[in-house]
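Residue strings, one per chain:
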Amino acid sequence: MKEPMNSYEQIVLDVSDEGERLLEDRLIQRGDVQRVIHHAEATGKKLVHRGTGRALAFYRPKSVTYWVEYSQNGEVFRVFTAYSHRMVLKSSGSTKEWVKSGAGSDWHCDQCRTPLEVQTVRLQYMQSIFPINLPACSGCGFILIDEELAIGKVAEAEQALEDK
Ligand SMILES: [Zn+2]
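Residues numbered from 1 in each chain as written. Predicted model: local features only at pLDDT ≥ 70, side-chain atom pairs only at ≥ 80, totals over all residues. Heavy atoms only, no water.

- Looking up the chain in an unreviewed UniProt entry gives the name DUF7479 domain-containing protein, with the organism given as Citrifermentans bremense.

As structure tokens, this is what we get:
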């Protein structure tokens, strides 16, 4: 008898060949991508880009946070990119205490219907906390880690802390 499918497994993905290679290189499973999209669509916690209309969302099933940029066409979800990081995002107390830099973002919070603003938030990894300026939603505390940051500085910091 066939095992019943988890609900996230019913998410239909459209991934290009290039996308498949990217997922493979980054050790991201299709199931991880499906979980991110399923979680985003079920909860409404996602960002939407002002220009492209694409969605960006994350999900952290265990010790890794997965991000997926996607668009929906009927029942099919087209995947543009996916990346991951292990570092945990922590806001420093209330979002009201965040220090705004005055800079905006092309992403807006779909749930709060507000554009993200660049502000000082805190990233935590193991015992270390780093204040950093990132686009975030003052309404719900959604912090955007973009692809460049995740595969660049965040990956470097994770590596440096592990090597200690
Ligand atoms: Zn929000």
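After that view, the rundown keeps rolling.
Structural notes on the layout of surface pockets
Move 1: There is about 240 Å³ of room inside the largest pocket.
Move 2: The residue inventory of the lining of the largest pocket, partitioned by class, reads 6 nonpolar, 5 polar and 2 charged.
Move 3: When we break the lining of the largest pocket down by domain, the ones giving at least three residues each are domain 1 (7-85) and domain 2 (88-163). (1 Å grid on protein atoms, 1.4 Å probe; cavity = no way out; pocket = protein on both sides within 12 Å on 5 of 7 lines; lining within 4 Å. Points joined across faces, edges and corners; volume = space filled by probe spheres on them. Nonpolar A, V, L, I, M, F, W, Y, C, P; charged D, E, K, R; others polar. Domains from an automatic or database assignment.)

Observations concerning the coordination of the zinc ion
Move 1: Taken together, the protein ligands of the zinc ion are C109 (SG), C112 (SG), C137 (SG) and C140 (SG), with distances of 2.2 to 2.3 Å.
Move 2: Here the zinc ion binds 4 donor atoms, and the angle range of 106 to 113° at the metal identifies the geometry as tetrahedral.
Move 3: For the zinc ion, the donor residues sit on a single chain with the sequence spacing C-x2-C-x24-C-x2-C. (Donors = N, O, S within 2.8 Å, 3.2 Å for Na, K, Ca; no water. Tetrahedral: all angles 85-135°; square planar, octahedral: opposite > 155°, others 65-115°.)

Observations concerning the environment of R30
Move 1: The residue R30 is located in helix 2 (residues 30-43) in this model.
Move 2: The spatial distance from the C-alpha of R30 to the C-alpha of V118 is 31 Å, given a sequence separation of 88 residues.
Move 3: Each residue touching R30, except ones within four places of it in the same chain, is listed here: L13, V15 and E20.
Move 4: A polar contact is formed between the side chain of R30 and the side chain of E20, at a distance of 2.6 Å. (Helix = DSSP H or I, 4+ residues; strand = E, 2+ residues; numbered from the N terminus. Contact = heavy atoms within 4.5 Å. Polar contact = N/O pair within 3.5 Å; in protein donor to acceptor, adjacent residues only side chain to side chain.)

So, the domain arrangement of the chain
Move 1: Domain annotation for the chain reports domain 1 (7-85) and domain 2 (88-163).
Move 2: The gap between the C-alpha centroids of domain 1 and domain 2 is 19 Å.
Move 3: With 20 residues of domain 1 in contact, the opposing surface of domain 2 contributes 19 residues.
Move 4: The contact between domain 1 and domain 2 buries some 1800 Å² in all, and 63% of this surface belongs to carbon and sulfur atoms.
Move 5: Area buried by domain 1 at its contact with domain 2 is led by L47, Y83 and H85, which between them contribute 31% of it.
Move 6: For the pair domain 1 and domain 2, the interface holds 2 salt bridges.
Move 7: Seen at the junction of domain 1 and domain 2, the total is 8 residue pairs in polar contact (both at pLDDT 80 or more). (Buried area = accessible area lost by both parts, 1.4 Å probe. Salt bridge = Lys/Arg side-chain N within 4 Å of Asp/Glu carboxyl O.)

Considering the pairing of strand 9 (residues 128-136)
Move 1: By the bridge criterion, 9 bridges tie strand 8 (residues 114-125) to strand 9 in an arrangement that is antiparallel. Following the sheet pairing, V121 is matched in strand 9 by I132.
Move 2: Connecting the antiparallel pair strand 8 and strand 9 is a turn made up of 2 residues, with M126 showing a positive phi of about 50°. (Pairing = 2+ DSSP bridges.)

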